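Here are the chains, one letter per residue:
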Amino acid sequence: MTAWVDRILKEFPVDLARLWIVADPDDVLLDEQVLSGLREHGFEVLPFEDSIAFRAEYEERYRAAWDRGEPGPSRALILHLRGMNVADLPWDYLRQARKLSLSLAELFPRLSYTVVRQLGSEMLPALFEAHARHAHQSLGEAATKEFVLTHIFRISPHLITRSEDFWRELLRLHYREAALPPVLAQHVEQVVGGHNAFKGIPIADLFAHKSLTLRVVQEAWFRYLTKLGVTGTRTGEPTPPDYVAKLDLPFDHHDVRVIVDSMFLDGTLHPLVVQGVPATLPEWAKAGVVQDPASMRNLVFEGIKSLKAEVPTIESPHRDWTHFSRRLGEVISRFHRLDAARAESIKDAMRDLAISADDRLREWVGKHYADLPSLPAAKGPIMVHHVPRYLAMRRGNGEKKIALVVFDGLAVDQWILIRETVVSRSQRLMFDESACFAWLPTLTSVSRQALFSGLRPREFADSIESTSQEPAQWTRFWQDHGLRANEVLYRRSIKRTDDLPALEAALTHPAVKVAGLVVDTVDEIIHGAVLGKRGIAAQIASWCESGFVDRLFSMLLDNGFHVYLTADHGNVEAVGIGRPNEGVASELRGERVRIYRSEALIAETAAANPKTFRLDVAGLPASFMPLFAGGRGAFVPKETQVVVHGGVSVEELIVPFVKVSYAN
């Protein structure tokens, strides 16, 4: 437990009250370490976003049990209010509850509140310790920025005076998935931009956006090889258009090349396919070239070994898992593009990596998954049901027309394949990539409904086995956020270029402000797959070559929409363990999960089928009980090879979340 978490928890003495009201305008409580600590102390946190929904949850699940003398779901409940207007809450809550306020201004009294409130919650534990040790007097806005850069990001912009300093700090930052918040990126530009060596460089954009940095580095790498007499064919990255700044990097400097080498291994950067490697090419630079198919096989194998040593642990924050899922996706995508013989030679290593990651994830989910639904979505969705709320915030920040494109069943590795194919066809498109968690069980009727409704599954219990309510749920969410029904569009079963003219006719209606689109093609390919994910990759590549995806993105962007892409769940290769022996059939049968409505029946089935496991998923209806196939098993005839979803694996549970745009 960190000093930061201890400081928050000391505000909540155990057994002092059952109902608490916390005014928390800065989302101090909505940090996964804080939520985990509160849960261990017997507290549950429930955001007060809708008075009717909160009252139903509180009265039915907590107060009724407490009035009967039962413990209920937790010993105490915290009503979390994003603001300070406690007086606006219902009178009976105010009468019963113990009231408390938390604010970053109180917790960091010697730092500028204006700066601290713009930082991500993941930075606060380290900042709290640095504040206690090093902030000996009150600091103004500029000094606070310097303080945060020094103690949290280990960057001192005043020491960045040479090219190697600049690129070392920039690459180190993005390799750790630690892009600077805009307020700090702009400060770095103000300080560093005064040096002649950095004139004309978009410093703030590079420090704030990984995707732009990678494009610049990729282009610089190919030009660096050209100067060394190495030419060839690009993999996954076309020749960039003029908008990418043609900046030279000091690749020969040790501090820079060490990071670049790692980026090639894990798929962050793409190598150049060459016919021959000159003897003068430095040994370290060979990670960035592929001389023949064997070289690509070796690159994938090295990437597997590197990732195997970096699988997150049970104590890792959720961002470590989303970061890992994207690196794993890059390696899997490369693996599926190898020829059959070379893929076979490293198949066991690839499988061992995936299984070890899944085992760790299952442990992590058991301890931390329940905290994810309550985490704030201001800087990006953590779970798929956060997506509508995040998009509503983007509208509030000026993105008046928004399109959400949901690729049903798309795993991260398959998104990477789509991205690389699309970029090769349309060089104007740019992708700011992140990832978020699907809902467990990773079934379409559960996770996609959560995605379009903005609700936890418990809040749509009556329709949890069907997706028929999605259009109404999507419309209702946006009506609650100030739009009229005719300003909200929902379309599904979008599959091919033939579907685009009718879609564009609907999108160009002047009233439409928000569009929710379901692209079903990947899910259809998966359900018809007979050659595993390798065969699926080939079919997806062929589909992308039809031009559907880049035409869809361009159509949306050309019509003024800000475009976001995600998926409801991914998919995984699994092996049949047989169908459970059960006297009464389960309510909902999936290949990776079975759903039961009776505690007695699920307990009996679990006991009779040792290759299964139960998981108590907070946020599901009480009578919706999942039984999962263990490992990479599936409830199909024994030894049958299938590609499925519904379970707990990195490839099923963590999905892409991407902002699609045109580069400036």
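In short, a report on the structure. Every chain is numbered on its own, with residues counted from 1 as its sequence reads. A pLDDT threshold of at least 70 governs which residues receive local features in this predicted model, and a stricter bar of 80 or more applies before side-chain atom pairs are shown or counted, although totals over entire chains, interfaces and linings include all residues. Here the side-chain values reflect all heavy atoms present in the structure, with hydrogen atoms and water set aside.

### Let's talk about the overall build of the protein chain
Okay, step 1: Numbering of helices and strands runs from the N terminus, with a helix taken as a DSSP run of H or I at least four residues long and a strand as a DSSP run of E at least two residues long. Scanning the protein chain for helices and strands turns up 27 helices and 20 strands.
Okay, step 2: Put simply, the radius of gyration uses C-alpha atoms, and a globule should come to 2.2 Å times the residue count raised to 0.38. Here the C-alpha radius of gyration of the protein chain, 25 Å, is about what a compact globule of 664 residues would show, namely 26 Å.
Okay, step 3: Summarising its shape, the C-alpha atoms of the protein chain cover approximately 80 × 70 × 50 Å along the three principal directions.
Okay, step 4: For the exposure calls, accessible area comes from a 1.4 Å probe over protein chains only, and a residue counts as buried if that area is under 20% of its type's maximum, exposed if over 50%, partly exposed in between. Residues counted as buried form 59% of the 664 residues belonging to the protein chain.
Okay, step 5: Taking the intrachain contacts of the protein chain between residues at least 6 apart in sequence as the baseline, contacts between residues at least 24 apart amount to 75%.
Okay, step 6: In short, Shrake-Rupley with a 1.4 Å probe defines the accessible areas, and a residue's cover is counted only from the protein chains shown. Total accessible area on the protein chain stands at roughly 26800 Å², and carbon and sulfur atoms take up 49% of it.
Okay, step 7: Charge-centre separation for the protein chain: the mean point of 77 positive side chains lies 1 Å from the mean point of 85 negative side chains. Only heavy atoms matter for contacts: two residues are in contact if any of them lie within 4.5 Å across the pair. Under the counting rule used here, the positive set is Lys and Arg, the negative set is Asp and Glu, and His together with the chain ends is not counted. Charge positions are represented by NZ for Lys, CZ for Arg, CG for Asp and CD for Glu.

### Overview of the environment of leucine 81
Okay, step 1: You can see leucine 81 is positioned in strand E3 (residues 76-81).
Okay, step 2: A residue is classified by how much of its surface remains accessible, and leucine 81, at 11% relative accessible area, is buried.
Okay, step 3: The spatial distance from the C-alpha of leucine 81 to the C-alpha of aspartate 27 is 8.8 Å, given a sequence separation of 54 residues.

### Quick notes on the packing of aromatic side chains
Okay, step 1: The pairing test for Phe, Tyr and Trp rings, Trp by its six-membered ring, is centres within 6.5 Å, and the orientation test on the planes gives stacked under 30 degrees, edge-to-face over 60, and tilted for anything in between. The full count for this structure, using the stated rule, is 37 aromatic pairs.
Okay, step 2: Ring centres 5.6 Å apart and planes at 90 degrees place the aromatic pair phenylalanine 166 and phenylalanine 207 in the edge-to-face group. Of the two residues, phenylalanine 166 sits in helix H9 (residues 163-175) while phenylalanine 207 sits in helix H11 (residues 203-208), which places them 41 residues apart along the sequence.
Okay, step 3: The buried category is assigned to phenylalanine 207, whose relative accessible area is 0%.
Okay, step 4: Considering the side-chain rings of tyrosine 564 and phenylalanine 657, the 5.8 Å spacing of their centres and the 20 degrees angle between planes classify their relative orientation as stacked. Taken as a pair, tyrosine 564 in strand E12 (residues 562-566) and phenylalanine 657 in strand E20 (residues 654-662) lie far apart in primary sequence, 93 residues in all. The same class applies to tyrosine 564 and to phenylalanine 657, which are both buried.
Okay, step 5: Members of the aromatic cluster, each reached through a chain of ring pairs, are Phe48, Phe54, Tyr58, Tyr62, Trp66 and Tyr93.
Okay, step 6: Here the guanidinium or amino end of arginine 362 rests over the ring plane of phenylalanine 613, the centre of that ring lying 3.6 Å away.
Okay, step 7: Sitting above the plane of the tyrosine 662 ring, arginine 428 keeps its charged end 3.8 Å from the centroid. Placement of a positive charge over a ring is assigned whenever Lys NZ or Arg CZ falls within 6 Å of the ring centre and within 35 degrees of the normal to the ring plane.

### Description of empty space enclosed by the protein
Okay, step 1: A cavity, in this analysis, means grid points on a 1 Å lattice covering only the protein atoms where a 1.4 Å probe fits yet has no way out; a pocket is instead an open set bounded by protein on both sides within 12 Å along at least five of seven lines, and a residue lines either one if it has an atom within 4 Å of a point. Grid points are joined across faces, edges and corners, and a volume is the space filled by probe spheres set on the points. Counted according to the given criterion, the structure contains 2 cavities of 30 Å³ or more.
Okay, step 2: Estimated volume of the largest cavity: approximately 50 Å³.
Okay, step 3: Lining the largest cavity are Ser333, His336, Arg337, Asp413, Gln414, Leu417, Lys533 and Ala537.
Okay, step 4: Only helix H15 (318-336), helix H19 (412-425) and helix H24 (532-545) provide two or more residues apiece to the lining of the largest cavity.
Okay, step 5: Among the elements that take part in the lining of the largest cavity, H19 stands out by supplying 3 residues, more than any other.
Okay, step 6: A per-class count over the lining of the largest cavity returns 2 nonpolar, 3 polar and 3 charged.
Okay, step 7: Put simply, the second largest cavity is a space of about 50 Å³. Following the grouping adopted for this structure description, the nonpolar residues are Ala, Val, Leu, Ile, Met, Phe, Trp, Tyr, Cys and Pro, the charged ones are Asp, Glu, Lys and Arg, and the polar ones are all others, Gly among them.

### Quick look at the packing of helix H22 (residues 500-507) against helix H25 (residues 548-558)
Okay, step 1: Packing of H22 against H25 leaves a shortest axis separation of 11 Å and a crossing angle of 15 degrees. Taken together, the axis directions place H22 and H25 in an arrangement best described as roughly parallel. H22 and H25 meet at a crossing whose hand is right-handed. Residue-level inspection shows Leu500, Leu503, Glu504 and Leu507 of H22 in contact with H25, the latter providing Phe548, Arg551, Leu552, Met555 and Leu556.
Okay, step 2: Taken together, the residues of the contact of H22 with H25 sort by class into 7 nonpolar, no polar and 2 charged. Angles here are taken between N-to-C directions and fall from 0 to 180 degrees, while the axes themselves are lines fitted to C-alpha atoms, restricted in helices to the stretch in contact. Angles are sorted into four bins: roughly parallel if under 35 degrees, roughly antiparallel if over 145, roughly perpendicular if 65 to 115, and oblique for all others. Working rule for handedness: look at the near helix, and if it is turned counterclockwise from the far one by less than a right angle, call the crossing left-handed; if clockwise, right-handed.

### Section: the packing of H9 against helix H12 (residues 210-227)
Okay, step 1: As a packed pair, H9 and H12 sit with axes 11 Å apart at the nearest point and diverge in direction by 125 degrees. Between H9 and H12, the angle falls in the class oblique. By crossing handedness, the relation of H9 to H12 is classed as left-handed. Contacts between H9 and H12 involve Trp167, Leu170, Leu171 and His174 on the former and, on the latter, Lys210, Thr213, Val216 and Val217.
Okay, step 2: Looking at side-chain class alone, the contact of H9 with H12 contains 5 nonpolar, 2 polar and 1 charged residues.

### Points about the pairing of E3
Okay, step 1: Within E3, 6 of the 6 residues are buried, which leaves the element mostly enclosed by the surrounding structure.
Okay, step 2: Neither face of E3 is exposed, since Ala76, Ile78 and His80 on one face and Leu77, Leu79 and Leu81 on the opposite face are all buried.
Okay, step 3: Whether two strands pair comes down to DSSP finding at least two bridges between them. Where strand E1 (residues 19-23) lies against E3, 5 bridges are found, and the strand directions are parallel. Residue pairing across strands places tryptophan 20 opposite isoleucine 78, the latter belonging to E3.
Okay, step 4: Where strand E2 (residues 43-47) meets E3, 5 bridges bridge the pair, whose relative direction is parallel. The partner of phenylalanine 43 across the bridge, within E3, is alanine 76.
Okay, step 5: Handedness of a crossover is defined as follows: with both strands directed away from the viewer, a clockwise route from the first strand across the helix to the second makes it right-handed. Of the crossover connections in this fold, the one passing from E2 over helix H3 (residues 51-67) to the parallel E3 is right-handed.

### Structural notes on the layout of surface pockets
Okay, step 1: Empty space within the second largest pocket amounts to approximately 1100 Å³.
Okay, step 2: Taken together, 33 residues line the second largest pocket, and the ones lying closest to its centre are Asp50, Ala53, Gly454, Leu455 and Glu459.
Okay, step 3: Those elements giving two or more residues to the lining of the second largest pocket turn out to be E2, H3 and helix H21 (470-480).
Okay, step 4: When residues in the lining of the second largest pocket are grouped by element, the largest group, 7 residues, is from H3.

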